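# Descriptive analysis of the structure
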Amino acid sequence: MAEAIYVGGLLVATPLLDDPNFRRSVVLILEHDHDGGTLGVVLNRPSDISVTQVLPVWDPLITGPPVLFEGGPVQTDSALALAAVPSGEEPLGWRRLHAGTDAVARLGTVDLDAPPEILQGEIAQMRIFAGYAGWTSGQLESEIAEGAWYVVDSEVGDTFHADPSELWRHVLRRQRGELAFVATCPDDPTLN
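The sections below set out a description of the structure shown in this document.

Right, let's get into the overall build of the protein. Scanning the protein for helices and strands turns up four helices and 10 strands. Relative to the 2.2 N^0.38 estimate, which gives 16 Å for 192 residues, the radius of gyration of the protein is 16 Å and therefore close to what a compact globule would have. Looking at the protein as a whole, 50% of its 192 residues qualify as buried. Considering only contacts within the protein whose residues lie at least 6 apart along the sequence, 64% involve residues at least 24 apart. For the protein, the accessible surface area stands at approximately 9600 Å², while carbon and sulfur atoms represent 51% of it. Side chains of the protein carry 11 positive and 28 negative charges; the gap between the two charge centres is 8 Å.

Structure below.
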């Protein structure tokens, strides 16, 4: 399953993963290199900090909820933005993640140092993440082998899911076979 790690794929925490940084998290993979490691952002951890408090110029372009998302435990004092474009064009200030699957072909990172005006009308959805999740070479593969993560395909609505608190269950429910039943696992697995 570790060979299935790819840019635009999802890591879904198994019920056994009790690390508070990743418990019931859904991570979008932004970079993956067998020799260099893996980088991603947690998609389902909205914070209590509004974008207006930290990056007010970007607030008009944010897809609800209009808050910073906790992207992961690494460099939490830095921000990373993801945005979807409505067409195949690549506007200034935006860089495509990957040209592969439909789910990520129109998804990319935003240069937060660029003036927001150049992206006004060019992007369809946007979220800003404080920090990111990172794994050194071989680390994520080990965690997958230990049963900490499921590796699944992403779909178009995952990155900007309207109800981030339900994203973990939503992604699991659409999986085939027994994996779909994991979505019904109670918050405390010992109660199962």
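Let's pick the thread back up.
Time to look at the nonpolar core. Core analysis: the largest hydrophobic core is formed by 43 residues, its most contacted members being Leu 11, Leu 28 and Trp 149. No other element matches strand β2 (residues 26-33), which puts five residues into this core. Apart from residues no more than four positions distant in its own chain, Trp 149 is found in contact with Leu 11, Val 12, Ala 13, Thr 14, Leu 17, Phe 22, Ser 25, Val 27, Trp 135, Leu 140, Glu 143 and Ile 144. Counting 15 residues, the second-largest nonpolar core is a separate cluster that includes Ile 62, Leu 68, Ala 83 and Met 126.

So, about the pattern of salt bridges. For the structure on display, the rule yields six salt bridges. Between Arg 96 and Glu 90 there is a salt bridge; the shortest N-O distance is 3.2 Å. Arg 96 gets classed as buried once you look at its relative accessible area, which sits at 18%. Of the charged contacts, one joins Glu 166 and Arg 173 as a salt bridge, the two residues approaching to 3.9 Å between their closest N and O atoms. Linked through salt bridges whose partners overlap, the residues forming this network are Arg 24, Arg 169 and Asp 187.

Quick notes on the rules
- Residues numbered from 1 in each chain as written.
- Predicted model: local features only at pLDDT ≥ 70, side-chain atom pairs only at ≥ 80, totals over all residues.
- Heavy atoms only, no water.
- Helix = DSSP H or I, 4+ residues; strand = E, 2+ residues; numbered from the N terminus.
- Rg over C-alpha atoms; globule rule 2.2 N^0.38 Å.
- Buried < 20%, exposed > 50% of the residue type's maximum accessible area, 1.4 Å probe, protein only.
- Contact = heavy atoms within 4.5 Å.
- Areas by Shrake-Rupley, 256 points an atom, 1.4 Å probe, with all protein chains shown as cover.
- Lys, Arg positive; Asp, Glu negative; His and termini not counted.
- Charge placed at Lys NZ, Arg CZ, Asp CG, Glu CD.
- Core = buried A, V, L, I, M, F, W, Y, C linked by side-chain atoms within 4.5 Å.
- Salt bridge = Lys/Arg side-chain N within 4 Å of Asp/Glu carboxyl O.

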